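An overview of the molecular structure
Letter by letter, the chains look like this.
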Amino acid sequence: MYFLELGGEDDAFATREAESAAADVRPVAPGLAVANAAVPERIRGLAYTHRASALLGRTDADLASATALLEAAPIDRSGTVAVRATDVHGSAGVATDRAERELGQVLVDRGFEVDLEDPDHVLRAAFSEGRLERDENGRDDLLSAPDDEGDESRGERVSVCALGWLAAESVRDFGTRAPTDKPFFQPGSMDPLLARAVANVVGARPGATILDPMCGTGGVLVEAGLVGADVVGTDAQAKMARGARTNLEHFLEPDEPSPTGAERGSWHVGRGDATRLPIADDAVDGVVFDAPYGRQSKIDTHRLEDLVSGALAETRRVASRAVVVADRSWAAEAREAGWELEAAFERRVHRSLTRYVLVLE
């Protein structure tokens with residue numbers, strides 16, 4: 001079993017993305033989840049999970065309990081060690097430097113040597129307190145902020161310390177692909193963190209083919225390609241199709257593996273209408289698109305509602321899975337196109353923009 005250290009402010013969304021790299025993911029406290037299995041190579045490509053560690057055990061979020069747990073835990077490793085502790089959102093009030101020293105001393109007493117620079121093993125200690133909420137089905141899978149003093153009936157307060165051996169860390173190189181730093185940029189481009197997350201949710205991985213029929217600058221396709229998926233994009237505007245090609249060539253053409261360690265996926269981009277895709281039925285593994293924002297589409301031949309409804313129908317024809325990002329919920333239109341709504345999330349960008357993320361099957 002593993003425990004996952006989640007990142008960002010929306011643990012439900014982070015947990016959903018983590019399911020692309022781990023099995024049976026279950027939140028246990030704000031910023032923390034456990035999983036029955038995890039694929040280290042896939043963890044490296046996650047946006048909203050920072051680390052996965054092989055679980056030694058869980059206890060209360062205080063140093064005395066963590067020390068007792070480590071003293072009693074069976075350890076079948078040898079070599080040098082280092083301890084790294086974190087207090088999620090500062091919620092548990094644990095002094096992490098003290099935790100690292102005292103837990104490190106336990107390991108020394110058990111015969112290990114400490115090497116803070118290049119250890120053979122890293123022990124992660126994550127402390128978190130907050131409210132674990134339940135969804136409408138009674139599952140513990142929605143997490144509130146640690147200082148949320150909302151309705152007590154929404155869930156119980158939890159206090160968790162998870163100890164485990166670091167197995168994999170996500171590659172935090174997203175700042176190198178900021179929209180404004182790409183060869184081709186247009187205002188309103190999706191940031192690479194969210195682009196990577198929705199690519200993972202829709203199933204981007206080696207051997208998969210992912211389509212974006214409104215690809216814009218190609219940001220989602222870049223992130224899908226960097227985790228190994230082959231990507232296909234279309235856009236109604238010739239300028240955007242050309243720009244997406246420029247970006248995809250820049251990020252996916254280098255011969256060396258991507259920073260995640262995966263071989264970069266192949267790519268193809270053409271000009272096309274998302275409501276009439278030149279693609280065979282069930283030809284791709286997943287479709288993801290960022291629908292136009294505002295009341296008017298930039299495609300002269302379609303009203304926005306007709307464009308999105310038509311695109312949803314076409315994506316249902318070519319794939320069995322889709323993720324739609326938009327400035328409003330298109331759930332009703334998705335159902336009319338034959339999709340079932342698996343999950344929905346709201347991602348606040350700034351005061352005047354909230355992105356809705358719909359996961360469709």
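Right above here is the structure, for reference.
Residues numbered from 1 in each chain as written. Predicted model: local features only at pLDDT ≥ 70, side-chain atom pairs only at ≥ 80, totals over all residues. Heavy atoms only, no water.

**Thoughts on the overall build of the protein chain**
- Secondary structure summary: the protein chain contains nine helices and 18 strands in total.
- Against the compact-globule benchmark of 21 Å for 361 residues, the protein chain has a radius of gyration of 22 Å, which places it among compact chains.
- Viewed in the frame of its principal axes, the protein chain has a C-alpha envelope of about 70 × 50 × 35 Å.
- Looking at the protein chain residue by residue over its 361 residues, the buried ones come to 54%. (Helix = DSSP H or I, 4+ residues; strand = E, 2+ residues; numbered from the N terminus. Rg over C-alpha atoms; globule rule 2.2 N^0.38 Å. Buried < 20%, exposed > 50% of the residue type's maximum accessible area, 1.4 Å probe, protein only.)

**Section: the pattern of salt bridges**
- Applying the stated rule across the entire model yields 19 salt bridges.
- Between arginine 303 and aspartate 306 there is a salt bridge, and its shortest N-O distance comes to 3.2 Å.
- The exposure class assigned to aspartate 306 is partly exposed, which follows from its relative accessible area of 38%.
- Glutamate 361 is the partner of arginine 321 in a salt bridge, and the nearest nitrogen-oxygen pair spans 2.1 Å. Here arginine 321 is found in the loop between helix H8 (304–318) and strand E16 (322–326), whereas its partner glutamate 361 is found in the segment after strand E18 (353–360), with 40 residues between them in sequence.
- Judged by relative accessible area, arginine 321 falls into the buried class, the value being 14%.
- The exposure class assigned to glutamate 361 is partly exposed, which follows from its relative accessible area of 41%.
- A network of salt bridges, in which partner residues are shared, links Arg16, Glu19, Arg321, Glu342 and Glu361. (Salt bridge = Lys/Arg side-chain N within 4 Å of Asp/Glu carboxyl O.)

**Overview of the environment of alanine 85**
- Tracing the sequence through the fold places alanine 85 in strand E7 (residues 80–87).
- Take alanine 85: its relative accessible area is 13%, and that puts it in the buried class.
- Measuring from C-alpha to C-alpha, the distance between alanine 85 and glutamate 100 comes to 6.0 Å, with 15 residues separating the pair along the chain.
- Every residue in contact with alanine 85, bar those within four places of it in the chain, is listed here: Thr96, Ala99, Glu100, Ala125 and Phe127. (Contact = heavy atoms within 4.5 Å.)

**Notes on the environment of arginine 351**
- Looking at where arginine 351 falls in the secondary structure, it is placed in the loop between strand E17 (341–350) and E18.
- Separated by 339 residues in sequence, arginine 351 and alanine 12 place their C-alpha atoms 21 Å apart.

**What to know about H8**
- Given a rise of 1.5 Å per residue, 15 residues ought to cover 21 Å, and the 21 Å separating the end C-alpha atoms of H8 matches this to within 8%.
- By the burial criterion, the buried members of H8 are Leu304, Leu307, Val308, Gly310, Ala311, Leu312, Glu314, Thr315 and Val318. (Expected span 1.5 Å × (residues − 1).)

**Focus on the packing of helix H5 (residues 192–202) against helix H6 (residues 219–226)**
- Taken N-terminus to C-terminus, the directions of H5 and H6 make an angle of 60°; their axes are 8 Å apart at the nearest point. Judged by the angle between their axes, H5 and H6 are oblique. The crossing of H5 and H6 is right-handed. Residue-level inspection shows Pro192, Ala195, Arg196, Val198 and Ala199 of H5 in contact with H6, the latter providing Gly219, Val220, Glu223, Ala224 and Leu226.
- For the contact of H5 with H6, the class distribution of residues is seven nonpolar, one polar and two charged. (Axes fitted to C-alpha atoms, helices over the stretch in contact; angles between N-to-C directions. Parallel < 35°, antiparallel > 145°, perpendicular 65-115°, else oblique. Left-handed = near helix turned anticlockwise from the far one by under 90°. Nonpolar A, V, L, I, M, F, W, Y, C, P; charged D, E, K, R; others polar.)

**With respect to helix H1 (residues 11–18)**
- Extensive coverage of H1 is indicated by the burial of eight of its eight residues.
- All buried positions along H1 are accounted for by Asp11, Ala12, Phe13, Ala14, Thr15, Arg16, Glu17 and Ala18.
- Put simply, aspartate 10 is the residue that caps the front of H1, since its side-chain oxygen is 3.2 Å from the backbone nitrogen of alanine 12. (Polar contact = N/O pair within 3.5 Å; in protein donor to acceptor, adjacent residues only side chain to side chain.)

**Regarding the sheet that holds strand E12 (residues 209–212)**
- Spatially, E14-E13-E12-E15-E16-E18-E17 is the arrangement adopted by the seven strands of the open sheet, whose pairing is mixed. Each having just a single partner strand, strand E14 (267–271) and E17 make up the two edges of the open sheet. Strand-to-strand twist across the sheet, computed as the mean angle between neighbouring axes with direction ignored, equals 15°.
- Pairing between strand E15 (residues 286–290) and E16: four bridges, direction parallel. When the bridges of E16 are listed, aspartate 290 appears paired with valine 325.
- Lying on the sheet, helix H7 (residues 238–252) is in contact with strand E13 (230–235) and E14; it crosses E14 at an angle near 170°. (Pairing = 2+ DSSP bridges.)

**Let's talk about the packing of aromatic side chains**
- As enumerated under the stated definition, the model contains three aromatic pairs in all.
- Between the aromatic rings of phenylalanine 13 and tyrosine 48, the centroid separation amounts to 5.8 Å while the plane-to-plane angle is 55°, which identifies the pairing as tilted. Here phenylalanine 13 is found in helix H1, whereas its partner tyrosine 48 is found in the loop between helix H2 (40–43) and strand E6 (49–59), with 35 residues between them in sequence.
- Owing to a relative accessible area of 8%, tyrosine 48 belongs among the buried residues under this scheme.
- Ring pairing ties together the aromatic residues Phe13, Tyr48 and Phe345, which thus form one cluster.
- Over the ring of tryptophan 339 we find arginine 316; its NZ or CZ atom is 5.3 Å from the centre of that ring.
- Between arginine 347 and the ring centre of tyrosine 48, over which it is positioned, the NZ or CZ distance is 4.8 Å. (Phe/Tyr/Trp six-rings, centres within 6.5 Å; stacked < 30°, edge-to-face > 60°. Lys NZ or Arg CZ within 6 Å of the ring centre and 35° of its normal.)

Structural measurements only, silent on function.
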